[in-house]
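This is what each chain is made of:
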Amino acid sequence: METRFTEPSVLILISLAGGPKHGYALIKDIEDIAGATLGPGTLYGALSRLEQRGLVEALPVADRRRPYRITATGTQVVHAYLTHVRQVATVGLRRLAATHA
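Owing to the predicted nature of the structure, the values given are computational and were not obtained by experimental measurement.

Asks: Honestly, the overall build of the protein chain in this entry has me stumped. Any pointers?
Replies: Per the secondary structure count, the protein chain includes four helices and two strands. Each principal axis of the C-alpha distribution contributes one length, and for the protein chain these read about 55 × 30 × 20 Å. Going through the 101 residues of the protein chain one by one, you find that 33% of them count as buried. Across the protein chain, every contact between residues at least 6 apart in sequence was considered, and the portion connecting residues at least 24 apart equals 47%. Of the roughly 6600 Å² of accessible surface on the protein chain, a fraction of 55% belongs to carbon and sulfur atoms.

Asks: Would you mind going over a nonpolar patch on the surface with me for this structure?
Replies: Taken together, the side chains of Ile14, Ile33 and Leu82 present a nonpolar region at the surface, about 220 Å² in accessible area. On the secondary structure map, Ile33 appears in helix 2 (residues 23-34).

What counts and how
Residues numbered from 1 in each chain as written. Predicted model: local features only at pLDDT ≥ 70, side-chain atom pairs only at ≥ 80, totals over all residues. Heavy atoms only, no water. Helix = DSSP H or I, 4+ residues; strand = E, 2+ residues; numbered from the N terminus. Buried < 20%, exposed > 50% of the residue type's maximum accessible area, 1.4 Å probe, protein only. Contact = heavy atoms within 4.5 Å. Areas by Shrake-Rupley, 256 points an atom, 1.4 Å probe, with all protein chains shown as cover. Patch = residues over 30% accessible without salt bridge, like charges linked within 9 Å, V, L, I, M, F, W, Y side chains within 5 Å. Salt bridge = Lys/Arg side-chain N within 4 Å of Asp/Glu carboxyl O.

Here it is, written out as structure tokens:
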């Protein structure tokens, strides 16, 4: 199971874990949760790659907007990735605390 992502991909998957969203809603949610602003090119390029990998899927157009949702595979993959990141961060923070104590 591939767990390497670019940051925009991770942020998109985390946002979609909260429910389906269209492009503008994704941009605003990512700003709220991470303080990062994704431009449309970055967003739709990452969505395309995630869709090709089977991690997200486009839903039918509603009100001229195309929402996306995370797939079961996407949920599993991002969970594994975030668990790994948490483990690395825990070790790093513990080591930093020991060197500055």
